[in-house]
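# Residue-level structural notes
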Amino acid sequence: MTAGGAGQVPPQADGLAEGIARLRRALRRGARVADPGNTLAVAQLELLAALAEHPGSRPGQLARRLNMRANTVTTIVNALSSRGMLERVTADDDRRAVKLTVTEAGRQAVLSWQATNAAVLHLALSTLPAKQRRALTAAVPALDALARAIDQLADTPAAAHDQDTD
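A few points on the structure. The model shown is predicted, which means the values in this text are computed figures rather than measured ones.

### Describing the overall build of the protein
- Scanning the protein from N- to C-terminus turns up seven helices and two strands.
- A burial count over the protein gives 22% of its 166 residues as buried.
- Put simply, 55% of the contacts in the protein that link residues at least 6 apart link residues at least 24 apart.
- Surface summary for the protein: the accessible area is close to 11,400 Å², and the carbon and sulfur share equals 57%.

### Focus on a nonpolar patch on the surface
- Taken together, the side chains of Leu-16, Ile-20, Leu-143, Leu-146 and Ile-150 make up a nonpolar region of the molecular surface, amounting to roughly 380 Å² of accessible area.
- Contributions of two or more residues to the nonpolar patch are made by helix 1 (11-34) and helix 6 (130-154).
- Per-element accounting of the nonpolar patch gives the leading share, three residues, to helix 6.
- For Leu-143, the location among the structural elements is in helix 6.
- Given a relative accessible area of 41%, Leu-143 falls into the partly exposed group.

### Some remarks on the nonpolar core
- Residues Leu-40, Leu-47, Leu-48, Leu-62, Val-73, Leu-80 and Leu-86 are the most contacted members of the largest nonpolar core, which totals 22 residues.
- Contact partners of Leu-86, with chain neighbours within four places excluded, come to Leu-47, Leu-48, Leu-51, Val-77, Leu-80, Ser-81, Leu-100, Thr-101, Val-102 and Thr-103.

### Focus on the packing of helix 2 (residues 42-53) against helix 3 (residues 59-66)
- Their axes nearest at 11 Å, the elements helix 2 and helix 3 cross at an angle of 110 degrees. With respect to each other, helix 2 and helix 3 are oriented roughly perpendicular. Crossing geometry of helix 2 relative to helix 3 is assigned as right-handed. Residues Glu-46, Leu-47, Ala-50 and Leu-51 of helix 2 form the contact with helix 3, whose own contacting residues are Leu-62, Arg-65 and Leu-66.

### Describing unusual backbone geometry
- Backbone geometry at Asn-67 places phi at a positive 55 degrees, although glycine is not the residue there.
- Among the secondary structure elements, Asn-67 is positioned in the loop between helix 3 and helix 4 (70-82).
- The exposure class assigned to Asn-67 is exposed, which follows from its relative accessible area of 58%.

### Observations regarding helix 4
- Along its 13 residues, helix 4 runs 18 Å from first to last C-alpha, staying within 8% of the 18 Å computed at 1.5 Å per residue.
- On its buried face, helix 4 sits against helix 2, helix 3, strand 1 (86-90) and strand 2 (98-102).
- Gly-84 sits one or two positions beyond helix 4 and adopts a positive phi of about 75 degrees.

Calculation rules
Residues numbered from 1 in each chain as written. Predicted model: local features only at pLDDT ≥ 70, side-chain atom pairs only at ≥ 80, totals over all residues. Heavy atoms only, no water. Helix = DSSP H or I, 4+ residues; strand = E, 2+ residues; numbered from the N terminus. Buried < 20%, exposed > 50% of the residue type's maximum accessible area, 1.4 Å probe, protein only. Contact = heavy atoms within 4.5 Å. Areas by Shrake-Rupley, 256 points an atom, 1.4 Å probe, with all protein chains shown as cover. Patch = residues over 30% accessible without salt bridge, like charges linked within 9 Å, V, L, I, M, F, W, Y side chains within 5 Å. Salt bridge = Lys/Arg side-chain N within 4 Å of Asp/Glu carboxyl O. Core = buried A, V, L, I, M, F, W, Y, C linked by side-chain atoms within 4.5 Å. Axes fitted to C-alpha atoms, helices over the stretch in contact; angles between N-to-C directions. Parallel < 35°, antiparallel > 145°, perpendicular 65-115°, else oblique. Left-handed = near helix turned anticlockwise from the far one by under 90°. Expected span 1.5 Å × (residues − 1).

This is how it looks when you write it as structure tokens:
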């Protein structure tokens with residue numbers, strides 16, 4: 001999936017992309033302020049969350065799923081492994097390969113991160129007028145569908161081919 005050279009971006013998509021990016025930055029900042037004791041980087045938490053959703057993934061699979069370079073995933077996996085957040089298990093079908101699983105400590109870190117994000121969102125939502133809260137609630141199914149559509153685009157053969165050239 002490549003955006004470069006794709007032509008003119010409709011103004012509503014451009015505004016939506018910027019709005020989502022601002023929301024991600026604000027939520028990340030709000031979560032750091034709300035839970036300063038969380039020493040895990042967002043990339044580490046995202047990898048743990050992806051692994052919790054897809055237990056037994058191999059590092060290369062996580063790299064593709066998270067759109068990260070393999071060496072970045074290896075660095076994150078090593079750091080999380082040393083902290084007892086995930087375990088490496090030799091793959092049954094290929095003794096040279098490893099499958100990764102989240103430990104209970106890793107699962108708790110993900111749950112805590114998700115709870116912190118939810119609390120920050122809940123607090124921020126409570127400051128908005130009721131009409132804006134209803135609009136955001138009504139948008140959740142469309143945002144979910146948008147996320148699935150983006151994931152589907154990222155999983156197309158052309159995107160996989162782009163990833164394989166790394």
